Amino acid sequence: MPVGPYLDRIGKAVEGLETANVVLGGDVNARNTEWGCQTVNRRGAEVASALDELELHVLNQGSEPTFDTYRGGRHFSSRVAITACSNALLDRVEGWQQQLSLLKADVLRKKRRIRYARPARKELVWREHVNAKEVYLLEARCAQTQSSKQFCERQDRETMLLAEVFFPEDNPGEDNAGHRTVRDKSDEVNAGGQDETSDPPYTMDELQWSVSTFNAKKSPGADGLTADICRAAVAVNPVLVLALSNRCLALSHFPTRWKETVVVALRKPDKEDYAHPESYMPIGFLPILGKVLEK
């Protein structure tokens, strides 16, 4: 379906707004290197031209797919969803630089000159526009990369701070009476011998019951395997899963991968300041298969 009529409607809507603060986003189903695609198709060229006319800046020059899925065993990935904003909002965009605004303005100015250039100078003016646009795109990609690095560094610092609050170092000197009781009992158990041979092996009924008790709508662990996937996997070869579980029991071994927890920090309600780690509550998600073995 032609994209022209939709672009015309968007243009009229933007021009009719009584504000200079404009954010435009959507799945345009168009390819252009301006928003991370490797190629430019006709639809992408039309969308990019329309955005230039409206003086809207494309903000997602990265290479991360905006659509990524598997269908029928095939992988589909694309970068056809874009976000753009007006000049008035550029200073609010994280990682954006004033230099980019100047470069973008130069691109638009040289593009307008193409319309009024004499035939003998048309190719020269067009080439100046192309060169200016390449400089702008290169600078935008560099700014995007730098912004991503700064974001990751800040996330690392925040993650470490939350980890220190949620999972502090074990310090016996800070134990209260209840903690000391639990610690003493644990030390007593760990100091004694363990006779694992006295543990009876798991039965098939226990395995089937255990795997059926988990809600498929609950979030999975780090492996991404939800309860319904695990249930289907066990159903394919329950004898193998039972043998694996009993072998873990016999060896007193719990697979390390099944101990890995995905921790999500949720905001506690009615807190005045969410800049403090104490205003958050950690929720952990363990792999379902580990829960099946444990249960």
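Use the structure listed above.
The shown structure was predicted, so the numbers you read here are calculated from the model rather than taken from an experiment.

## Comments concerning the packing of helix α6 (residues 204–212) against helix α7 (residues 227–236)
- Running from amino to carboxyl end, α6 crosses α7 at an angle of 160°, the nearest separation of the two axes being 9 Å. In this view, α6 runs roughly antiparallel relative to α7, as classed from their interaxial angle. For the element pair α6 and α7, the recorded crossing hand is left-handed. The segment α6 lies against α7, with Leu207, Val211 and Ser212 engaging Cys230, Arg231 and Val234.
- Residue classes in the contact of α6 with α7 are distributed as four nonpolar, one polar and one charged.

## Details of unusual backbone geometry
- Not every positive phi belongs to a glycine, and Ser252 is a case in point at roughly 55°.
- Within the secondary structure layout, Ser252 lies in the loop between α8 (238–250) and β6 (262–267).
- In this model, Asp270 sits at a positive phi of 60°, which is unusual for a non-glycine residue.

## Considering the sheet that holds strand β5 (residues 81–86)
- As summarised here, the arrangement of the three strands in space is β1-β5-β2, forming an open sheet in which the pairing is antiparallel. The sheet is open, and its two borders are formed by β1 (23–27) and β2 (56–58), each paired with just one other strand. Averaged over all pairs of adjacent strands, the angle between strand axes in this sheet comes to 25°, irrespective of strand direction.
- For β1 and β5, the ladder comprises five bridges, and the chain directions are antiparallel. Among the inter-strand pairings, Leu24 is bridged to a residue of β5, identified as Ala84.
- Helix α2 (residues 42–53) contacts β1, β2 and β5 of the sheet and is inclined by roughly 15° relative to β5.

## Comments concerning the side chain of Asp175
- Tracing the backbone shows Asp175 in the loop between α4 (119–166) and α5 (177–191).
- In this structure the side chain of Asp175 is engaged in a polar contact, spanning 2.6 Å, whose partner is the side chain of Arg183.
- Excluding its chain neighbours within four sequence positions, the residues that come into contact with Asp175 are Arg180 and Arg183.

## Quick look at the pattern of salt bridges
- Inspection of every chain in the model, using the stated rule, returns four salt bridges.
- Between Arg183 and Asp175 there is a salt bridge whose closest N-O contact spans 2.6 Å.
- On the basis of relative accessibility, which here comes to 24%, the residue Arg183 falls in the partly exposed class.
- The exposure class assigned to Asp175 is buried, which follows from its relative accessible area of 13%.

How each quantity is defined
Residues numbered from 1 in each chain as written. Predicted model: local features only at pLDDT ≥ 70, side-chain atom pairs only at ≥ 80, totals over all residues. Heavy atoms only, no water. Axes fitted to C-alpha atoms, helices over the stretch in contact; angles between N-to-C directions. Helix = DSSP H or I, 4+ residues; strand = E, 2+ residues; numbered from the N terminus. Parallel < 35°, antiparallel > 145°, perpendicular 65-115°, else oblique. Left-handed = near helix turned anticlockwise from the far one by under 90°. Contact = heavy atoms within 4.5 Å. Nonpolar A, V, L, I, M, F, W, Y, C, P; charged D, E, K, R; others polar. Pairing = 2+ DSSP bridges. Polar contact = N/O pair within 3.5 Å; in protein donor to acceptor, adjacent residues only side chain to side chain. Salt bridge = Lys/Arg side-chain N within 4 Å of Asp/Glu carboxyl O. Buried < 20%, exposed > 50% of the residue type's maximum accessible area, 1.4 Å probe, protein only.

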